[in-house]
Structures are given as structure tokens and as C-alpha cells.
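Now for the letters of each chain:
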Amino acid sequence: MVCIGPALATLAVVLTGIGHAQPWRDELATWSAASRSPGELFRLAGTIDAATSPYYLFMHAWVAVLGDSATALRLPAALAMAGTAGLTALLGRRLLGARAGLLAGLLLAVLPGTSRYGQEARPYALAAFLAVLATLLLVEATARPGWARWAGYAAAVAALGLTHLVALTLLAAHAVAVLADRRAGASGRTVRWMLALLPTGLLLAPLALLARGQRARQLGWVQVARPDDLAALAGGVAQSGVVGGVLVGLAALGAARLGRRALLPGLAVLLPVLLVFAVALVVPLWVPRYLVFVVPFGCLLAGAALAMVPLPPALAVVALAGLLGLPDQAALRRTHEWPRSATVDYRGVARIVADGRRPGDAVVYSPRESWLFLDLGLAYHLGDRRPRDVLVTEDQARRGDLWAAECARPAECLAGADRVWLVVAGRRDDPLAAVAGAKGDALRAGYTVERVWPRPGLTVALLTR
């Protein structure tokens, strides 16, 4: 079958070095959530990350069976991305021909972005899989109408929304494709399409409303979009400016060649991007990885362009795209931070603390409520071997949050701790001076710095009384 080659190629590429890069901050949030009970996950959804809570629940079950190593955490994304490549080839065969589908799936396999999000314990690869699946089921349901096919489509769309609410912008492309259908019985198909989405809307509305109420806290770090953000999107989702440019060029050539047949894949790229960008001009929402699900549809257009030439030179172009992306492929297997110069070495800090730790040692983080998740980074790598988190009054799970609560009187909580490991964000020559507020006052009044270890993105210091 046309889907086997792209799926296996993608799986081989994505599994290569899947556990090399240490989990980055977003993956630490996934690990923290997946390690909680369903009741604790429900409390977390009421505070923050409601939009991701169904994915966290899935990962909770996954981790319970396969563990929480970096490879185990990322394996669902790898499998989903391999499935995405296979489904992309199937959808391409259905819409554009077998050769275009094959080339589209193989092109998707070699994109650095496919490895990046296929090696990340986040829902973006799963959203890409469900986006292509829903589109394929829509094509089948409109070609051969039947309630079973429409029910399958409705289930796929519901799963897509539960995985990634932003991906529901794909429905704009589906709507145009259904309304533009000129075959006999088109009006009946439009009615069935709307009826299929009705239960999905009822299911997802509470989740969307809850997530909307958390937007300010969830996306407080995001700025409103600017025109140059749109220009940089291809490089962001492809994780390579050069390969992203190649993909856009081939997709544009394919769209011009296809004419009306480019309607569905073309709109599946353009409408989600333009809708999210339009909203992001007013509401901070523009995060390129939120739009990874449009990449397979861009590959479909590119596959149509490549299908214009004989198979050997077309495969050579795919191979060239893969070669151009090799430096980015190697870099993303060293770190998942973006930009990659912003590496945060949680593992290195954990190793330093583990090597020098003594019974009775304490650990303090600054800042605590940071998207760097300093405490989660040490907790992941050290587990029960980490020093006592002396300032914590309520941990993340009990608080129903991604951050723990600290005591209001740090000097009292530090009493009895003769040695303190201080973990500070950034490279600091004087880490004590970087600690703000009452926590910093208590540390400076009671401790001196015995030794400092700078690490990428972090500084760890040993303080003694």
C-alpha cells in the first residue's frame, strides 16, 4: 500500500535519537500532569491547561504502563507522526493520485519539524494525525455518503478538538469543501456534515469555555502577532528556514498545477493559518507549533508538484530536502528548546546536586513560578534523591497547579538547613543577588556561597551557613 513506505520511513527517522535530548519545559509539564491521579488532573484542569487536559489523561494511562523515561514519554508522538505520514499518503492518493500521495508522505518524513514534534511529549503530533484522519474521513463520507462514515468523521473531529482546540480551525476548510461540492446530492451532504458536527460542538463547548477563561494565565508569555511572524511560520513549523522555504515553494507550484483540485489541501493550510493570525493580531495566540497540523496538507500540495516529473528525480528532490535539514535534525536531537541557543540543562544541574548532596540538605529555586519549571526539572531527573524542597507548603498536585506554593516566611522555613542548593534561572556570577524578595533576604542573611556551577540556562550554587 502507498501508506506503508512513508509511515515506516517516518517512524525510522523519528525513533532515531528519540531519547537523546532531555525533556524541555513543556515536556516537564506533561510529565508532571501525567504523574498525577485523575482527580488531581481534574483539579489542574480547573486552574490551568484545561485545553491540554484530555491529552494529559491519555498520558497518565500511558505512563502507568510504559513508564516516564524520555523515550516512553515521546513514543506516542512518534507513533502519531508515523501514522500522519501514512494517512497523508492515503489522502494524497484519494485526492491527487498515488504518486503524489507517496511523495507527500515521504517529504513529510524528512522534514526536521516532523522529527521535532514526533519526539516531543506534547499533543501536536497527535493533532496532526487526527487532522489528516478527519479530512480523509470527510472525503470518504462526501464521496460515499452513509451514517457510519459521517459518525467516523464526527468522532475524529471530536478527538481532534479534545487534543488541540486550535486545530478545529481546520473545519473552516472542511466547510468550504463541502459547500463547494457540485456533485449530485450536495445539499444533503451539507446537512449531514452539520449534523455530524452538532454532538462534537456540544462535547467541546465546555472545554473551550474553560480554556478561554484561562487564556490570560496560560498564554501570558505570548505577544500579539506581527506581519513578520506570518512570514516566519514555514521555518517555524518545519524547524528549518531553508527546508520550510523549499516546502512553501513546492506547495505553491503544486497548487498552481492542481487548479480546483487544490481546494481542500490548499484551504486546509491557508484558512487555519489566516484565522489564527487574524485572531492573534488582537489576542495573544500566535505560537507556530500550534499550527503544526497544517504541515501534512502543505506536503500534499508539494507532492503534487513533485509528481509532475518522473519518480527518480522526484525522490531526489525529497532526498535533497532531507539533506538540507540534516543540521537541524542533529540540533533538535541535542535540545528541544527554541531557539536552540536557549538550552536549559536540567540534567547537568541534577547531576551536580546528586554528586554533592548530603543528608539534610535543602534546595531552593528562584524564580519558583517560572515557565522554566526549575523544580520539575530536578524532580524528573533526581526523583526521591533530590534534596528537601524546604520552602514548599503545598506541592503542585495538591494545589491543582503547575507550580508549588512557598511559605510566606522563608527565614523560618530555612531554619535547620545548614546547606542549601540554590538553583537560579540564567547564568549568574552572584546567584544570591539574583534571588528577589523575602526569599533572597533570608538567604543572604543566613548563608554564604561556597561554590557556583554555571550550566546552560541555569546556575546552581551551594550555600552554607
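Preceding this paragraph is the structure being described.
Residue positions are given per chain, counted from 1 along the sequence in the order it is written. Whole-chain, interface and lining totals are the exception, using all residues; otherwise, since this is a predicted model, local features are given only for residues with pLDDT of at least 70 and side-chain atom pairs are given and counted only at 80 or more. Only hydrogens and water are set aside when side-chain values are computed; all heavy atoms of the structure are taken into account.

Caption draft 1: Broad picture of the side chain of Asp361. Elements are defined by DSSP. Helices are runs of H or I of four residues or more, strands are runs of E of two residues or more, and each kind is numbered from the N terminus. Here Asp361 lies in the loop between helix H20 (346–356) and strand S1 (362–366). Only 3.0 Å separates the side chain of Asp361 from the side chain of Arg419, close enough to count as a polar contact. Two N or O atoms count as a polar contact when they lie within 3.5 Å, although within protein this holds only if one can serve as hydrogen donor and the other as acceptor, and sequence-adjacent residues are included solely when both atoms are side-chain atoms. A distance of 3.0 Å separates polar atoms of two side chains, one belonging to Asp361 and the other to Trp421. Contact definition: two residues touch when any of their heavy atoms are within 4.5 Å. Once residues within four sequence positions are removed from consideration, Asp361 is found in contact with Gly356, Pro387, Arg388, Arg419 and Trp421.

Caption draft 2: Structural context of the nonpolar core. To qualify as a nonpolar core, a set must consist of buried Ala, Val, Leu, Ile, Met, Phe, Trp, Tyr and Cys residues joined through side-chain atoms within 4.5 Å. Exposure categories follow from relative accessible area, calculated using a 1.4 Å probe and restricted to protein chains: below 20% of the type maximum is buried, above 50% is exposed, and the middle band is partly exposed. Ranked by size, the top nonpolar core spans 72 residues in total, and within it Trp286, Leu291, Phe297 and Cys299 carry the most contacts. Each residue touching Leu291, except ones within four places of it in the same chain, is listed here: Leu233, Val237, Pro272, Val273, Val276 and Trp286. Counting residues in hydrophobic clusters, the runner-up holds 41 residues, among them Val349, Ile352, Leu374 and Val423.

Caption draft 3: Broad picture of empty space enclosed by the protein. Note on definitions: the grid is 1 Å and covers protein atoms alone; a cavity is a set of points where a 1.4 Å probe fits but cannot get out; a pocket is an open set with protein on both sides within 12 Å along at least five of seven lines; lining residues have an atom within 4 Å of a point. Grid points are joined across faces, edges and corners, and a volume is the space filled by probe spheres set on the points. Overall, the coordinates contain one cavity of 30 Å³ or more when judged by the stated rule. In this structure, the largest cavity occupies an estimated 60 Å³ of space. The wall of the largest cavity is formed by Met81, Leu108, Leu111, Gly113, Thr114, Tyr117, Ala128, Val237, Val292, Val295 and Pro296. Those elements that provide at least two residues to the lining of the largest cavity are helix H7 (112–118) and helix H17 (295–306). Per-element accounting of the lining of the largest cavity gives the leading share, three residues, to H7. Amino acid classes used here: Ala, Val, Leu, Ile, Met, Phe, Trp, Tyr, Cys and Pro are nonpolar; Asp, Glu, Lys and Arg are charged; the rest, including Gly, are polar. For the lining of the largest cavity, the class distribution of residues is nine nonpolar, two polar and no charged.

Caption draft 4: Quick peek at the sheet that holds strand S5 (residues 419–425). Pairing between two strands is assigned when DSSP locates at least 2 bridges connecting them. The sheet built from five strands is open, its strands ordered S2-S1-S5-S7-S6 with mixed pairing. Strands with a single pairing partner mark the edges of an open sheet, and in this sheet they are strand S2 (388–389) and strand S6 (448–455). As defined by bridge partners, S1 adjoins S5 across five bridges and the pair is classed as parallel. Across the sheet, Val364 pairs through a bridge with Leu422, a residue of S5. Here the axes come from fitting lines to C-alpha atoms, over the contacting stretch only for helices, and the angles between their N-to-C directions go from 0 to 180 degrees. In the packing of helix H21 (residues 374–382) onto the sheet, the strands contacted are S1, S2, S5 and strand S7 (458–464), and the crossing angle to S1 comes to about 140°.

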